[in-house]
Amino acid sequence: MTNADQPLLDEVMRLRAELDDANHRYYVLDDPSLTDADYDRRLRRLQEIETAHPELVTPDSPTQRVGAPPDAGFPEVEHAVPMLSLDNAFSEDELAAFVTRVAERLEVEGEEIAFCCEPKLDGAAVSLVYETGVLISGATRGDGRTGEGITSNLRTLRSVPLRLRGEAPPALLEVRGEVTIDHASFEAMNERARDDEAKVFANPRNAAAGSLRQLDPRVTATRPLSFSAYQVARIEPPLGDATHSALMAHLGDFGFRTSKELAVVKGTAGVVDYCRRLGEKRDGLGYDIDGAVIKVNNLRLQRELGFVARAPRWAIAFKFPAQEQTTRLNDVEFQVGRTGAITPVARLEPVSVAGVTVSNATLHNADEIRRLGVMIGDTVAIRRAGDVIPKVVRVMEELRPSDARKIVFPERCPVCGAEIERLEDEVVARCSGGLYCPAQRKEALKHFASRRALDIDGLGEKLIEALIEHDWVTTPADLFRLEAERLAELPRMGKKSSENLVAALSKAKATTLARFIYALGIREVGEATAANLASHFGTLEALMSAELTALEAVEEVGPVVAAHVHTFFRQPHNRETIDELIACGLSWEEEAVVEQPQPLVGQTWVLTGTLEGMTRDQGKARLQALGAKVAGSVSKKTAGLVAGEAAGSKLEKAMQLGVPVLDEAAFLDQLATWEAGESDVKEDGLNASDGEQGNGEQGNGEPRDMKRDDAEGAT
Ligand SMILES: NC(=O)c1ccc[n+]([C@@H]2O[C@H](COP(=O)([O-])OP(=O)(O)OC[C@H]3O[C@@H](n4cnc5c(N)ncnc54)[C@H](O)[C@@H]3O)[C@@H](O)[C@H]2O)c1
Ligand SMILES: [Zn+2]
């Protein structure tokens, strides 16, 4: 070796050290520090140097080895047939070169050779051994010769047959395949992990590998893992199949999942075409693949071709563009979602990820920013897989520039300027602008007009969108200023439907306080809570000026809901919108509660099945007016079940628990009795809590006589 080789030697040493470290983090810790693209680049570079300078090759070079040795903690399992890696093709030219190589060795025409093509699943390779049809052992690949015995963990996967299907299982079968997690399950799993402040995985592959290597199989059992078979390593006695594709079909008969995308093609043209098509499908598959695996289909030809050190000669992996890339985080902006959720969005130095240029990625929320430890100016790893929004998965802290800036969460909504609310037990921060915030306008209007809110007939989503587009409606109050003539200008809005809408709007003005409160769309204030707030405070003014402690005193209102209500009414814009609505003529009768006896206070009722004489909502409203709570499921505490036609499991449960059941006729009778105040049950409990709350205007126990002060005061 001459002196000129010294820099090259240094590079080789550096690359080996980096690759060894990356292997350890990837295969043993399931916590990679490099992206696959960065890893592959280094490995390629090392291979290039070693090819040009064979004297530099050492047996322990990462180019000569597969995976990593097994970790302590699991028994070692010697693979009877080594679990190899695959050679890679990074271009169609390299793919064509593979076909040519194979053809030359076999001394046949390349176009004659049949190849079985499959997706290259991006998960963790495992091997399963069956004796007389029974699973006896399962192991990871490890370093290819020796893997980790993870039989108990693999047994928890539903897609791993514990016993082979069919009458006559082979005496011995060793099957190889990939354990993966699909995108939807992966997102859900990480979402839960974020909530629990547990470990969040960078990608499904690491999650799959990490889940398989849990010391407690009960943990593995909770992970959404699935096994897909791609290879038979040993089978005795042989089935007599001549091809790989026939063997795969047999594995299906034994009860294994195999790829739906498997196809047999001929020659370079067939292989290239398959890879292109699979590449086009990639984003829609719902699971990660990092390429296609092309195998000579004929098993006799496979044996003839044999192996080189770390891979078979009869197969190649065609690699797709990597799903993770590194780039610079230039800035962070905060977006407001349609329900007010504030999402930090990373503005990135544009980078091509798996064939698409990515310049934005989600950072989820403040917790995620803290977890990642990310700063503006950092070099970050971005992942884009399938239809999932690109995200920042890792920070290269060692590359942090000295002028990196902290990410500061805003205190006010970047769209409307309202306060941002972040409750202690909630991860998500939200704009409290509600009715006013343009980002939330469409959802707010939809909710406002919905059946259980103001019930504005004919005001559907499409129409709301058109109204917003024309800038005719910014707050709900604008709805009541719409004129039929103008509405008729909208597409698909004839004269008749415009007039109908204006009539519906006018009709909707006479509402109830409970509906009005519900229609405001305050976070977590559903129909029942709105009804409780209405009957507790009696007037909108009392509700709007209520302090937190007063709000918390309302039935079923906890600190979280109380805070939402409190913040909502403290926003000047929300108050303005409410004033406008009342100025437009919205009004409500005195609270029904005070006119009616409430014999059912403290009781929970459930309605099920179909009622003939009224809708279930009407039945529910009448029960609530009598003071009952109406729940969706039956429990021991249920006071009674109203069972209409075709009642099912709720009826069964009520009977089991001995909960009283009323059919429709009995229910109507009972309603009439209660509503007439003839009940003998706890009428004296009437409005006890309301009285205590008091506005200083009414005496205890006395029915209140509240005027529609808000409505009248404003007009
Ligand atoms: N980011 C990092 O730090 C880091 C570190 C080490 C390895 N890696 C990545 O791992 C890869 C190299 O790993 P490798 O040697 O495990 O695998 P490989 O990519 O060379 O391919 C071999 C593997 O493909 C899998 N496979 C999937 N579908 C298959 C099918 N239908 N038929 C046969 N095999 C199929 C098997 O698990 C098999 O072991 C590279 O892509 C590299 O980027 C990354
Ligand atoms: Zn806002």
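Residues numbered from 1 in each chain as written. Chains lettered and ligands numbered in written order. Predicted model: local features only at pLDDT ≥ 70, side-chain atom pairs only at ≥ 80, totals over all residues. Heavy atoms only, no water.

## Details of the UniProt feature "binding site: NAD(+)" (unreviewed entry) in the protein
Selection criterion: UniProt positions are given in the numbering used here, feature names are shortened, and annotations may be inferred rather than shown by experiment. Only runs of H or I of at least four residues qualify as helices and only runs of E of at least two qualify as strands under DSSP, and these elements are numbered from the N terminus. Only protein chains enter the accessibility calculation, which uses a 1.4 Å probe; a residue is then buried when its area is under 20% of its type maximum, exposed when over 50%, and partly exposed in between. We call two N or O atoms a polar contact when they sit within 3.5 Å, provided that within protein one can donate a hydrogen and the other can accept it, with sequence-adjacent residues counted only if both atoms are side-chain atoms.
Mapped onto this numbering, the UniProt entry gives "binding site: NAD(+)" (unreviewed entry) at D36, A37, D38, Y39, D40, S85, L86, E118, R141, E178, K295 and K319. In terms of the greatest pairwise C-alpha distance, the residues named above, spread along 284 residues, do not form a single cluster, extending to 26.6 Å across. Tracing the chain through its elements places D36 in helix α2 (residues 36-52). What makes D36 partly exposed here is its relative accessible area of 29%. Structurally, E178 can be placed in strand β7 (residues 172-180). Within the structure, the side chain of E178 is placed 3.0 Å from the backbone nitrogen of G123, a separation counted as a polar contact.

## Regarding the coordination of the zinc ion (ligand 2)
In an ideal tetrahedron of four donors about a metal, each angle is 109.5 degrees. In an ideal octahedron of six donors, the angles are 90 or 180 degrees. Our working definition: Metal coordination here is assigned from N, O and S atoms located within 2.8 Å of the ion, or within 3.2 Å for Na, K and Ca; omission of water means that sites may look incomplete. A four-donor site is called tetrahedral if each angle lies between 85 and 135 degrees; a four-donor site is square planar, and a six-donor site octahedral, when trans pairs exceed 155 degrees and the remaining angles lie between 65 and 115; all other cases are labelled irregular.
Around the zinc ion (ligand 2), the protein supplies C413 (SG), C416 (SG), C431 (SG) and C437 (SG) as donor atoms, at distances of 2.3 to 2.4 Å. Around the zinc ion (ligand 2), the four donor atoms are arranged such that angles at the metal cover 98 to 119°; this shape is classified as tetrahedral. Donor residues binding the zinc ion (ligand 2) come from one chain and are separated in sequence as C-x2-C-x14-C-x5-C. Of the two residues, C416 sits in the loop between β16 (391-395) and β17 (420-421) while C431 sits in strand β18 (residues 429-431), which places them 15 residues apart along the sequence.

## Overview of the pairing of strand β4 (residues 124-131)
Convention followed: A pair of strands is considered paired only if DSSP assigns at least 2 bridges between the two.
With seven of its eight residues buried, β4 lies for the most part within the structure. Strand direction decides the pairing type here: β4 and β7, joined by eight bridges, are antiparallel. By the bridge assignment for β7, V126 is matched with G177. Alignment of β4 against strand β5 (residues 134-140), held across six bridges, turns out to be antiparallel.

## Points about the UniProt feature "active site" (unreviewed entry) in the protein
For clarity, the cut-off: By the convention used here, residues are in contact when the closest approach between their heavy atoms is within 4.5 Å.
Annotation from UniProt places "active site" (unreviewed entry) at K120. Positionally, K120 belongs in strand β3 (residues 114-121). Not counting chain neighbours up to four residues away, the residues in contact with K120 comprise L86, D288, I289, D290, G291, A292, V293, A317 and K319.

## A look at the environment of D241
Positionally, D241 belongs in the loop between β8 (226-236) and α8 (244-254). Note: C-alpha distance between D241 and W674 (433 residues apart in sequence) is 78 Å. Setting aside residues no more than four positions away along its own chain, D241 makes contact with A246, L247, H250 and L299. Of note is the side chain of D241, whose polar atom sits 2.8 Å from the side chain of H250.

## Quick notes on the nonpolar core
The test is simple: Residues belong to one nonpolar core when they are buried, are Ala, Val, Leu, Ile, Met, Phe, Trp, Tyr or Cys, and are joined through side-chain atoms within 4.5 Å.
By size, the foremost hydrophobic cluster in this structure holds 58 residues, and its most contacted members are I456, L467, L479 and L533. Sort the elements by how many residues they give to this core and helix α17 (residues 513-519) lands first, with six residues. Filtering out sequence-adjacent residues up to four positions away, L479 remains in contact with L445, F448, I456, L459, L467, V473 and L505. Ranked by size, the runner-up nonpolar core spans 33 residues in total, among them L135, L157, I181 and F201.

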